[in-house]
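Examination of the molecular architecture
The lines below spell out each chain.
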Amino acid sequence: MLDHLKSHLSNLLSNTIIKVSSISGGNISEAFLITTENQKYFLKTNIYDKYNMFKLEVEGLQAIANTNTITTPKIYHVGTYDTSSYLIMEWIETKSPTDKDFENLGKQLAELHKTTTTQFGFDNNNYIGSLNQSNNQKSNWKDFYIKERLIPQLNLAKSKELLSTKEIPKVSNMQQALEPLFQNITPSLLHGDLWSGNYFITSNGTPYLIDPAIYYGHNEVDIAMTKLFGGFSDSFYEAYFDRIPYDSKTNQRIEIYQLYYLLVHLNLFGRSYYGAVQSIMQKFF
């Protein structure tokens, strides 16, 4: 970390930073463990222009915390200094989850998803990974999912020459395919990017959520992401579906919802995701 930023953060924390240790922090930002004389902190840094990403991350974490259903890290500071943006949160000791921990995570996620409103979307746009995520509000879930989720990613893939024009489904085909699957769906507050790297269990067994891409959508979207890359136990799903039951069309919808995340990965990481994207589009559209 740059010395001038370290000095600035010491002043913010009103405590001398004794040690800064680089840790794994994903693909977007650098991550550090900050050790001061009497406390540890988690720090993410990026270039100045990424400040809005950190600001929206904080808003998402606070929105989840305000539901009083599942815990998120305490935020200390988010801001910019010179050429850097930064986010300082509490440092939390974690452990590998047990079946009981997964059960608690499933219960609490279901309670989060019971937080509802009248519209799909959110008050502002945010990010999915490093990509823009549009949250223009709509009263109809089918319209929202097609126009705010699939079409932007399909168009981006086309602009990157990852999909050709003829490979992109017609809107009318998507509408026709999704109409019978998207009945009687109410908005739920979603984490929005719930893979195994975006939750953890503290040493005392408390589930935490981090790095959200929140909006109000169908609750099964979060479940679809948990199933895409794994990392969640049977006890998690049993506890969740005991509170919000699945139906005969859930498995089909999960594939449809995974298409969004696969398109995101196609646009972020390239053609290794092309086959999975094409398989789902050909199956449904």
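Residues numbered from 1 in each chain as written. Predicted model: local features only at pLDDT ≥ 70, side-chain atom pairs only at ≥ 80, totals over all residues. Heavy atoms only, no water.

1. Examining the overall build of the chain
Within the chain one finds nine helices and 12 strands. Rg of the C-alpha trace for the chain: 20 Å, near the compact-globule value of 19 Å for 285 residues, within the 12% margin. Here the C-alpha coordinates of the chain stretch approximately 60 × 45 × 35 Å along the principal axes. Counting all 285 residues of the chain, 51% fall into the buried class. (Helix = DSSP H or I, 4+ residues; strand = E, 2+ residues; numbered from the N terminus. Rg over C-alpha atoms; globule rule 2.2 N^0.38 Å. Buried < 20%, exposed > 50% of the residue type's maximum accessible area, 1.4 Å probe, protein only.)

2. What to know about the packing of aromatic side chains
By the definition in use, this model includes 20 aromatic pairs. Aromatic side chains Phe122 and Tyr216 sit 6.3 Å apart centroid to centroid with 25° between the ring planes, which places their arrangement in the stacked category. With Phe122 in the loop between helix 3 (99-113) and strand 7 (126-128) and Tyr216 in strand 12 (residues 215-217), this residue pair connects regions lying 94 residues apart in the sequence. Since its relative accessible area comes to 16%, Phe122 is described here as buried. On the basis of relative accessible area, Tyr216 is assigned to the buried category, the value being 15%. A ring pair is formed by Tyr145 and Phe182, whose centres lie 6.0 Å apart and whose planes are at 80°; its orientation type is edge-to-face. Of the two residues, Tyr145 sits in helix 4 (residues 141-159) while Phe182 sits in the loop between helix 5 (171-178) and strand 9 (188-190), which places them 37 residues apart along the sequence. For the pair Tyr145 and Phe182, a shared accessibility class is recorded, and that class is buried. An aromatic cluster is built from Phe120, Trp141, Phe144, Tyr145, Phe182, Tyr215 and Tyr257, whose rings are joined through pairwise contacts. The ring of Tyr215 has Arg149 sitting right over it, with the charged end atom 4.0 Å from the ring centre. Cation over ring: Lys227 sits above Tyr237, and NZ or CZ is 4.1 Å from the ring centre. (Phe/Tyr/Trp six-rings, centres within 6.5 Å; stacked < 30°, edge-to-face > 60°. Lys NZ or Arg CZ within 6 Å of the ring centre and 35° of its normal.)

3. Notes on the environment of Asn204
Position of Asn204 among the secondary structure elements: in the loop between strand 10 (199-202) and strand 11 (207-209). Residue class for Asn204 comes out exposed when judged on its relative accessible area of 63%. Put simply, Asn204 and Ser279 are 75 residues apart on the chain and 42 Å apart in space, counted from C-alpha to C-alpha. Looking at Asn204, its side chain comes within polar contact range of the side chain of Thr202, at 2.3 Å. Of note is the side chain of Asn204, whose polar atom sits 3.0 Å from the side chain of Thr206. (Polar contact = N/O pair within 3.5 Å; in protein donor to acceptor, adjacent residues only side chain to side chain.)

4. Digging into helix 7 (residues 234-243)
Residues of helix 7 that are buried include every one of Ser235, Phe236, Tyr237, Ala239, Tyr240 and Phe241, and no others. In this structure, the buried residues of helix 7 make contact with helix 3 and helix 6 (220-229). (Contact = heavy atoms within 4.5 Å.)

5. As for the sheet that holds strand 2 (residues 30-36)
Sheet strands associate in pairs through backbone hydrogen bonding, adopting either a parallel or an antiparallel arrangement. Taken together, the five strands give an open sheet; going across it, the order is 1-2-3-5-4, and neighbouring strands pair in antiparallel fashion. The open sheet is flanked by strand 1 (17-23) and strand 4 (75-81), the only strands paired with a single partner. Within this sheet the neighbouring strands show an average axis-to-axis angle of 25°, counted without direction. Both strand 4 and strand 5 (residues 84-90) contribute to a ladder of six bridges, which runs antiparallel. In the strand pairing of strand 5, Ile75 is matched with Met89. Packing against the sheet, helix 1 (residues 3-13) makes contact with strand 1, strand 2, strand 3 (40-47), strand 4 and strand 5, and its axis sits at approximately 40° to strand 5. (Pairing = 2+ DSSP bridges. Axes fitted to C-alpha atoms, helices over the stretch in contact; angles between N-to-C directions.)

6. Some points on the packing of helix 6 against helix 7
Packed helices, taken two at a time, are described by the angle their axes make and the gap between the axes. Running from N to C, helix 6 and helix 7 cross one another at 165°; their axes reach a closest spacing of 12 Å. What the angle tells us is that helix 6 and helix 7 run roughly antiparallel. Regarding helix 6 and helix 7, the two cross each other, and that crossing is left-handed. Only Phe236, Tyr237, Tyr240 and Phe241 of helix 7 make contact with helix 6, whose side of the interface consists of Ile223, Thr226 and Lys227. (Parallel < 35°, antiparallel > 145°, perpendicular 65-115°, else oblique. Left-handed = near helix turned anticlockwise from the far one by under 90°.)

7. With respect to the nonpolar core
Residues Trp141, Tyr145, Phe182 and Tyr257 are the most contacted members of the largest nonpolar core, which totals 62 residues. Top contributing element to this core by residue count: helix 8 (residues 250-269), with 10 residues. Ignoring sequence-local partners within four residues, the contact set of Phe182 consists of Trp141, Lys142, Tyr145, Arg253, Ile256 and Tyr257. If you look at the next biggest cluster of nonpolar residues, it comprises 10 residues, including Phe32, Leu43, Tyr86 and Ile88. (Core = buried A, V, L, I, M, F, W, Y, C linked by side-chain atoms within 4.5 Å.)

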